[in-house]
Amino acid sequence: MNRRRFLAAGASTTLLAGCLDGADGSDDDTTDATDGSTATTTADGSGDADGIYVQPFVENMIMAGTASAGDYRFGVFYTFPHQFWTVTGTERSAQPRRDDHTAHLMATVWDPETGTVLPDTGLSVEITRDGELVSEEVIYPMFSQRMGFHYGANFTLEGNGTYDVGVSVGGLSTRRTGSFEGRFADPATATVSFELDDATREQLTTQEIDAAGEAGAVEPMEMDGVPLGRAASPESLPGTVRGEATADGVRYVVTTLSDDRFGDGTYVAASARTRYNGLLVPEMSLTGTIRRDGEATYDGAFERTLDPELDYHYGALVDGVESGDTLELAVEVPPQVARHQGYETAFLGTPTVELEL
């Protein structure tokens, strides 16, 4: 075990650990280099090949606490500071870990009624210690192999005392359908408080992984009472599942439904999840073309949508779908989320896929 400088929490917090092994390319919690390819890791820890690779290490983290406000439930966690990469359009920018950083603070937002994780909210934090302002900023939408989609950034938390983390969202920008329609539109703020002292500093550890750099992913964390944002298995999706296709690190499962909540027509939903471990892939711009006998019957956007049965997905309402139609899915803009190691080379140049419906 290697240990790093960190300000740890007091006895009231929960220490979360995770497994090192775990995927066979399905939605199971496993890790495997299924295509036989290998990426090496560079001096800064990033992979030199496109696609998902096993990150170089795993760490445990501390759950500072959870709180509710409005339609939302919030969870706040922290661990060692990390290097990560932000994405603007198709460009990636490294955000190095500075010497003065002492913690990587993370937040997850979900619907307490269904356990659905909520991307696209916009999230900011205000951190105070014993009533004095420590930091106030918007933190990044982010993606990692251990937590899936969340929000996070590195912070300098120096000194023992009571830290209050005010977590604020501005409302969901994604289209909502079904019982989600009209919900998650209003801003809300909740506060999570925790004590920082020396008591559990040595409990936080990082462990290197022998398979680092190989194609695959480490197993996601299990967090009691906190949803992870994992896609449903194909057989659990509503409607008629028409097929699936994988490109780069994204696996699409396509289903069709006829339901008034989507409008008059056939609704085509593409559930996009990671190739390994089936974590939902949010915040990308997706278009689709449906062809019948060589003629396009639909050519347009697949809109980001949140539905209580389909979860976070990309969907389009079309006149109809017949057996033998083909669907092309093209990523116009890759997921606009920051990435932790193991994901920073993935989801940036996802090729177009075609499947028969």
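Everything numeric here is computed off the predicted structure, so don't read it as measured data.

Definitions and cut-offs
- Residues numbered from 1 in each chain as written.
- Predicted model: local features only at pLDDT ≥ 70, side-chain atom pairs only at ≥ 80, totals over all residues.
- Heavy atoms only, no water.
- Helix = DSSP H or I, 4+ residues; strand = E, 2+ residues; numbered from the N terminus.
- Buried < 20%, exposed > 50% of the residue type's maximum accessible area, 1.4 Å probe, protein only.
- Areas by Shrake-Rupley, 256 points an atom, 1.4 Å probe, with all protein chains shown as cover.
- pLDDT = per-residue confidence, 0-100.
- Contact = heavy atoms within 4.5 Å.
- Core = buried A, V, L, I, M, F, W, Y, C linked by side-chain atoms within 4.5 Å.
- Phe/Tyr/Trp six-rings, centres within 6.5 Å; stacked < 30°, edge-to-face > 60°.
- Pairing = 2+ DSSP bridges.

Colleague: Mind showing me how you'd approach the overall build of the chain here?
Modeller: For the chain, the count of helices and strands is 0 helices and 24 strands. Per-residue burial over the chain gives 55% buried out of 357 residues. Accessible surface, the chain as shown: approximately 14300 Å² in total, 41% of it carbon and sulfur.

Colleague: Explanation requested: the confidence of the model for the chain in the structure shown.
Modeller: Detail in the predicted coordinates should be disregarded across regions flagged by low pLDDT. This prediction gives the chain a mean pLDDT of 86; 85% of its residues lie at or above 70. For the stretch residues 1-13, pLDDT sits under 50, and the model shows 56 contacts to residues farther than four places along the chain or on other chains. Low pLDDT (under 50) marks residues 17-48, which in the prediction has 98 contacts with non-local residues, meaning those over four places away or in another chain.

Colleague: Would you take a moment to explain the nonpolar core for this structure?
Modeller: The tendency in soluble globular proteins is for nonpolar side chains to be buried as a group. L123, Y252, M284, L286, F302, L327 and L329 are the most contacted members of the largest nonpolar core, which has 85 residues in total. The residues touching F302, leaving out its near neighbours within four places in the chain, are V268, A270, L286, T287, G288, Y314, G315, A316, L327 and L329. Core analysis: the next-biggest nonpolar cluster, separate from the first, contains 7 residues, L237, L257, F262 and A269 among them.

Colleague: Would you explain the packing of aromatic side chains in this entry?
Modeller: Remark: the centre distance and the inter-plane angle together describe each pair of aromatic rings, the angle taken between the planes. All chains considered together, the criterion is met by 13 aromatic pairs. When the centroid spacing of 5.4 Å and the interplanar angle of 65° are considered together, the rings of F180 and F184 count as edge-to-face. Side by side, F180 and F184 carry an identical accessibility label, which is buried. An angle of 75° between the planes, with centres 6.1 Å apart, marks the rings of Y298 and F302 as edge-to-face. Taken individually, Y298 and F302 each receive the classification buried, so the pair is uniform in this respect.

Colleague: Help me out: how do you make sense of the environment of L280 in this one?
Modeller: Residue position: L280 is located in the loop between β18 (266-274) and β19 (285-292). It is 7.2 Å that separates the C-alpha atoms of L280 and Y312, two residues lying 32 residues apart in sequence. Ignoring sequence-local partners within four residues, the contact set of L280 consists of F143, G229, R230, A231, S271, A272, R273, D311 and Y312.

Colleague: Please clarify how the pairing of strand β8 (residues 123-129) should be interpreted in this entry.
Modeller: Consecutive residues of a regular strand have side chains that alternate between opposite faces of the sheet. Pairing geometry for β8 and strand β12 (residues 161-169), over 7 bridges, is antiparallel. Looking across to β12, one finds that T128 is bridged to D164. Between β8 and the antiparallel strand that follows it, strand β9 (residues 132-138), lie 2 residues; D130 among them carries a positive phi value of about 50°.

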